[in-house]
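# A structural walkthrough
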Amino acid sequence: MLMAEFGQEEREHKTRVALDAFHDYQNGIRPAGPGASDLLDFFAFVDGQLDSSGAPNIKRSDQEVTNLLAKRAKTLHLGPANYCWFLDPSKALCLKLAGPHARGATEPLIGMCDSARCPQATHHAGHRPVWAASAESKKVFIATIGRAQRTEKARLTTELARDERVLSEIDAAAGMGA
């Protein structure tokens, strides 16, 4: 019984997150990340369905939008720094990285997610604090690394550049500028 309630709450939460992302889209706040283009195409389709159905001058209810978003919301997996719209396991970078161990997987491996490269991942304005904190931590670590640890400094510098790129993409997509 408890697991059924938990599952229902999780489905409702994913639907709310998808609905919030769609409302952001309608308000000109776009997602970033490799999967953003596909998600924006889907949102444009949903928007078109809403525009083409029913009488003119009638505001569409959230329930109508929810019905159109329901299938996509079922594919949504929430990571701390991204959303994974897990539509096609063959495109999931985490499963490719896991190799044969992930054969037949029906869900992403969020712990192995490289959302800056996965074609099903999106970054939203709400993910910005996680990326900003990651970038700040790397700056602190880089500043404390001695000359003898060049390899570690180079690795962290590359990761910092990626974090800053993702932050810039989130800011640009959300219309915040840099």
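Residues numbered from 1 in each chain as written. Predicted model: local features only at pLDDT ≥ 70, side-chain atom pairs only at ≥ 80, totals over all residues. Heavy atoms only, no water.

## Description of the sheet that holds strand 1 (residues 76–78)
Taken in spatial order, the three strands make up an open sheet running 1-2-3, and their pairing is antiparallel. Each having just a single partner strand, strand 1 and strand 3 (121–122) make up the two edges of the open sheet. Direction of pairing for strand 2 (residues 83–85) relative to strand 3: antiparallel, over a ladder of two bridges. Residue pairing in the sheet places Y83 in a bridge with T122 of strand 3. Against the sheet, helix 1 (residues 2–26) contacts strand 1 and strand 2, and its axis sits at roughly 95° relative to strand 1. (Pairing = 2+ DSSP bridges. Helix = DSSP H or I, 4+ residues; strand = E, 2+ residues; numbered from the N terminus. Contact = heavy atoms within 4.5 Å. Axes fitted to C-alpha atoms, helices over the stretch in contact; angles between N-to-C directions.)

## Some words on the nonpolar core
Membership of the largest hydrophobic core comes to 17 residues, with the highest contact counts inside it found for F22, F43, V46, V65, L69 and W85. Secondary structure elements with two or more residues in this core: helix 1, helix 2 (36–52), helix 3 (62–74) and strand 2. Per-element tally for this core: the top contributor is helix 1, with six residues. Not counting chain neighbours up to four residues away, the residues in contact with L69 comprise A18, L19, F22, F42, F43 and V46. Within the second largest apolar cluster, 13 residues are counted, among which are A32, A81, I142 and I145. (Core = buried A, V, L, I, M, F, W, Y, C linked by side-chain atoms within 4.5 Å. Buried < 20%, exposed > 50% of the residue type's maximum accessible area, 1.4 Å probe, protein only.)

Without other data, these values stay purely geometric and don't point to any function.
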